[in-house]
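Inside the fold
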Amino acid sequence: MPGLLLRTLLGENLRPRPVWLMRQAGRYLPEYRALREQKGGFLALVYDSAAAAEITLQPIRRYGFDGAILFSDILIVPYAMGQDLEFLAGEGPHLSPRLVDAGLGALHAVPERLTPIYETVRLVRAQLPADKTMLGFAGSPWTVATYMVNGEGSRDQHVTRELAYRDRAAFQAIVDAIVGVTVDYLAGQIRAGAEAVQLFDSWAGSLAPAEFERWVIAPNAAIVSGIKALFPGVPVIGFPKGAGEKLPAYARETGVDAVGIDETIDPLWAAKALPAGLPVQGNLDPLLLLSGGAEMETQALRVLDAFAERPHVFNLGHGIGQTTPLEHVGALLALVRGARG
């Protein structure tokens, strides 16, 4: 029988709630830090399929999360589309050439750059207990485009937002190209063993409502449609961080099977505003997990209570912080798994 996570994403309201944490594979774990010191930089780890599989499995071995999230990065898609990608210490990712300067025509696709990621999925699925769900993922087109256009992250995505206003056709071509590669990429992950996939739209909150419709809802709907045409039974989780009051429209119009909500969303509001029966994932503030203690427990129970009447995957509102104490993670899991409501 499928595990708690997959069954919940397919619409069952189960107890205990399934739980996994965004960025659960990574820097807060000493076993990850040891492997990274041995193997080298981040991108080297992503492209070492055996190492990436080991990192994906580390939090499952330590905590028994209900889902294993692929260890990779959302910028693998622009890398496969032909941009150069490097991660600089203290600066984050850099892509070149910047599309605001060069345009989409400057890129020459290198689809074989996706192959090691599929091998990572195969290796994890072969070692993952049958009751744990293998989660694949990709970045959503708006968020991926912000990096491709600007060449790096930014606080307000102004370079990309300005291009989207100034040259609608050029930016639409960039987004459409990302949609096509993303469907192929997620399909490859599913063929390799992913049982559900998540779309991360980390910068969705930077857009005005009409732009949100065009650059968040429409492209994500196209990806969901493409995946459903190939794999109708595979759940797609949409995570539009910062969507706020636009979240119900996103949930209705994209066709996602579950919606992830960030820590700025009131779970009581979300429980009422989102479509009835739609599985929800979230949304404890990662800083509460960092601080731990009674307040973490109080707020975690509030999240659990808010979503008691619908399928719910317990998670954070964004990624786990790298200085999060291990014992706080263990305490949170014990709380969620012991809750009966």
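Details of the structure are given in the entry above.
Scope of this entry: the structure provided in the associated data block. Bear in mind that the values here come from a model prediction, so they are computed numbers and not experimental data.

Scanning the protein for helices and strands turns up 16 helices and nine strands. Against the 2.2 N^0.38 benchmark of 20 Å for 341 residues, the protein shows a C-alpha radius of gyration of 19 Å, consistent with a compact globule. With the principal axes as the frame, the protein shows a C-alpha extent of 55 × 45 × 40 Å. Split into buried and exposed, the 341 residues of the protein put 57% on the buried side. The contacts in the protein between residues at least 6 apart in sequence include a share of 73% that link residues at least 24 apart. Roughly 13,200 Å² of accessible area belongs to the protein as shown, and the carbon and sulfur atoms make up 54% of that amount. Once the 30 positive and 36 negative side-chain charges of the protein are each reduced to a mean point, those two points are 4 Å apart.

To continue, consider unusual backbone geometry. Working note: non-glycine residues mostly have negative phi, and peptide bonds are mostly trans. Of note, the amide linkage connecting Arg15 to Pro16 takes the cis form, showing an omega dihedral of -5°. Relative to the assigned elements, Pro16 resides in the loop between α1 (4-9) and α2 (30-39). Look at the link from Gly282 to Asn283: it is a cis peptide, with omega at -15°. Among the secondary structure elements, Asn283 is positioned in strand β8 (residues 280-284). Even without being a glycine, Arg23 presents a positive backbone phi close to 65°.

Evaluation of the coordinates by the stated rule reveals twelve salt bridges. A salt bridge links Arg62 to Glu31; the nearest nitrogen and oxygen atoms lie 2.9 Å apart. Within this pair, whereas Arg62 is found in helix α4 (residues 49-63), its partner Glu31 is found in helix α2, the two being separated by 31 residues in sequence. Residue Arg62 is classed as partly exposed on the basis of its relative accessible area, which comes to 38%. Residue Glu31 is classed as partly exposed on the basis of its relative accessible area of 23%. Notably, a salt bridge pairs Arg302 with Asp266, separated by 3.1 Å at the nearest N-O pair. Linking Arg302 in helix α15 (residues 293-306) with Asp266 in the loop between β7 (258-260) and α13 (267-273), this pair joins segments that are 36 residues apart in sequence.

Our next topic: helix α8 (residues 141-150). Counting buried positions along α8 yields ten of ten residues, so the element is predominantly enclosed. Taken as a whole, α8 has its buried residues at Pro141, Trp142, Thr143, Val144, Ala145, Thr146, Tyr147, Met148, Val149 and Asn150. Phi for Gly151, located one or two positions after α8, is positive at around 85°.

By size, the foremost hydrophobic cluster in this structure holds 120 residues, and its most contacted members are Leu21, Phe65, Phe171, Phe314, Val329 and Leu332. Excluding anything up to four places from it in sequence, Val329 contacts Leu21, Tyr28, Tyr63, Phe65, Leu289, Ile320 and Thr324.

The strand order β1-β4-β5-β6-β7-β8-β9 describes an open sheet built from seven strands, whose pairing is parallel. Looking at which strands have only one partner, the edges of the open sheet turn out to be β1 (67-69) and β9 (312-316). Put simply, the sheet's adjacent strands are angled 25° from each other on average, direction ignored. Pairing of β8 with β9, which is carried by five bridges, proceeds in the parallel orientation. Counterpart to Asn283 in the pairing with β9 is Asn315.

Cut-offs used in this document
- Residues numbered from 1 in each chain as written.
- Predicted model: local features only at pLDDT ≥ 70, side-chain atom pairs only at ≥ 80, totals over all residues.
- Heavy atoms only, no water.
- Helix = DSSP H or I, 4+ residues; strand = E, 2+ residues; numbered from the N terminus.
- Rg over C-alpha atoms; globule rule 2.2 N^0.38 Å.
- Buried < 20%, exposed > 50% of the residue type's maximum accessible area, 1.4 Å probe, protein only.
- Contact = heavy atoms within 4.5 Å.
- Areas by Shrake-Rupley, 256 points an atom, 1.4 Å probe, with all protein chains shown as cover.
- Lys, Arg positive; Asp, Glu negative; His and termini not counted.
- Charge placed at Lys NZ, Arg CZ, Asp CG, Glu CD.
- Salt bridge = Lys/Arg side-chain N within 4 Å of Asp/Glu carboxyl O.
- Core = buried A, V, L, I, M, F, W, Y, C linked by side-chain atoms within 4.5 Å.
- Pairing = 2+ DSSP bridges.
- Axes fitted to C-alpha atoms, helices over the stretch in contact; angles between N-to-C directions.

Just geometry here; none of it tells us what the structure is for.
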